[in-house]
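# A closer look at the structure
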Amino acid sequence: MTDLKGKNIIVTGASGGIGNSIIEKLYQSGANILASGTRIEKLDELKNKYENIKILKFDISQSDKVEEFIEKATIDLGGNLDCVINNAGITQDNLAIRMSLEEWQKVIDVNLTSTFLMSKSAIKKMLKNKSGKIVNITSVVGHTGNLGQANYTASKAGIIAMSKSLAIEYAKKNININCISPGFIKTAMTNKLDDKFKDAIISKIPSGRLGEPDDIANAVFFLCSSQSDYINGETLHVNGGMYMA
Ligand code: NAD
């Protein structure tokens, strides 16, 4: 599969479970990848594993440095930017009446504000080429709500609505902005859930299993490829049927 041969792609949250699979899939598809994250030792592992991959440490909550990050990342990739995968994300769960303003704000900043700022800076680059694709990773709970996750669900629902607005603004410039909404996927984020809770979730998934990070990576590949050129402002649900929009 070489559909992404030569495409320059930035992936955030590259050191995480889903990020790792996205890197593997895009690399196998021939893309030039810049992997970004906060954990340099994890990024170094990617550099050792994949020939020619670029790495750039960046904390996406540094809102005043996002433009500079996109600039540097694009230069590292050779001067053109084709796709950005806004995958980095965090949870800081608490019941609403116990949730501090800091817990609310941190999740909104890392998940939603950074996705807006990264998209904004990327779009400025893509406008020059009159082409580009942005894939934002949201979550099934951004549609359904979830206990203890008022901050996280708001951030993920915000990403979906924001992506639709950006898609309307830049569709004529040949820039596609779409979301992927994973269900429950086997990564560090879900490993912290206890087994009883996981079993309860699995009982509600028609496919009868949690998702694999590769299930998300396959959807990312599709939304980066020319196969999805007429799809814009859309959210692709990858959840084994647990939620059908
Ligand atoms: P993960 O915890 O394994 O990975 C998250 C990544 O984001 C890590 O690489 C982490 O270093 C990075 N990150 C966190 N804060 C950052 C910051 N300030 N700056 C830069 N990078 C930062 O989790 P994952 O499951 O791989 O999650 C990837 C994405 O998928 C997230 O946006 C998450 O919300 C979403 N998601 C995951 C699931 C799931 O079940 N695992 C379900 C729905 C959505």
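Located above this text is the structure these notes cover.
Residues numbered from 1 in each chain as written. Predicted model: local features only at pLDDT ≥ 70, side-chain atom pairs only at ≥ 80, totals over all residues. Heavy atoms only, no water.

## Regarding the site of the ligand
D59, N87, Y152, I185 and T187 are the nearest of the 27 residues found near the ligand. In the environment of the ligand, an oxygen atom lies 3.0 Å from a nitrogen or oxygen atom belonging to the backbone of G17. Within the complex, 91% of the 820 Å² of free accessible area of the ligand lies under protein. For the shell around the ligand, the per-class residue count stands at 12 nonpolar, 12 polar and 3 charged. (Near = heavy atom within 4 Å. Polar contact = N/O pair within 3.5 Å; in protein donor to acceptor, adjacent residues only side chain to side chain. Areas by Shrake-Rupley, 256 points an atom, 1.4 Å probe, with all protein chains shown as cover. Nonpolar A, V, L, I, M, F, W, Y, C, P; charged D, E, K, R; others polar.)

## What to know about helix 1 (residues 17-28)
Taking 1.5 Å per residue, 12 residues should reach 16 Å; helix 1 reaches 17 Å between its end C-alpha atoms and fits that length. Here helix 1 has its buried residues at I18, G19, S21, I22, I23 and L26. Residues of helix 1 that are buried make contact with strand 1 (8-11), strand 2 (32-37), helix 2 (40-49), strand 4 (83-86) and helix 9 (213-224). In the stretch just after helix 1, G30 is the one whose phi turns positive, near 90 degrees. (Helix = DSSP H or I, 4+ residues; strand = E, 2+ residues; numbered from the N terminus. Expected span 1.5 Å × (residues − 1). Buried < 20%, exposed > 50% of the residue type's maximum accessible area, 1.4 Å probe, protein only. Contact = heavy atoms within 4.5 Å.)

## Things to note about the sheet that holds strand 3 (residues 54-57)
Reading across the sheet, the 7 strands line up as 3-2-1-4-5-6-7 and stay open at both edges, with parallel pairing between neighbours. Two strands close off the open sheet at either side, each with one partner strand: strand 3 and strand 7 (235-238). Between one strand axis and the next, the sheet turns by 15 degrees as a mean value, whatever way the strands run. Where strand 1 and strand 2 come together, 4 bridges link them in parallel fashion. From the neighbouring strand, N8 faces strand 2, where its bridge partner is N32. (Pairing = 2+ DSSP bridges. Axes fitted to C-alpha atoms, helices over the stretch in contact; angles between N-to-C directions.)

## Quick look at the pattern of salt bridges
Tallied over the full model, the rule gives 7 salt bridges. Notably, a salt bridge pairs E24 with K49, separated by 3.8 Å at the nearest N-O pair. One end of the pair, E24, is in helix 1; the other, K49, is in helix 2, and 25 residues separate them in sequence. Here D76 ties to K72 by a salt bridge, and the two come within 3.6 Å at their closest N and O atoms. Within this pair, D76 and its partner K72 are both found in helix 3 (residues 66-76), separated by 4 residues, close to a single helical turn. (Salt bridge = Lys/Arg side-chain N within 4 Å of Asp/Glu carboxyl O.)

## Re the packing of aromatic side chains
Taken as a whole and assessed by the stated rule, the structure comprises 2 aromatic pairs. Measuring from centroid to centroid gives 4.6 Å for F58 and F69, while their planes differ by 10 degrees, and the two rings are stacked. Here F69 lies in helix 3 and F58 lies in the loop between strand 3 and helix 3, a separation of 11 residues in the sequence. The class of F58 is buried, set by a relative accessible area of 9%. Of note, K25 hangs over the ring of F221, and the distance from its end group to the ring centre comes to 5.1 Å. (Phe/Tyr/Trp six-rings, centres within 6.5 Å; stacked < 30°, edge-to-face > 60°. Lys NZ or Arg CZ within 6 Å of the ring centre and 35° of its normal.)

## Description of a nonpolar patch on the surface
Residues L95, I97 and L147 make up a contiguous nonpolar surface patch of about 390 Å² in total accessible area. Following the sequence through the fold, I97 ends up in the loop between strand 4 and helix 4 (101-129). What makes I97 exposed here is its relative accessible area of 84%. (Patch = residues over 30% accessible without salt bridge, like charges linked within 9 Å, V, L, I, M, F, W, Y side chains within 5 Å.)

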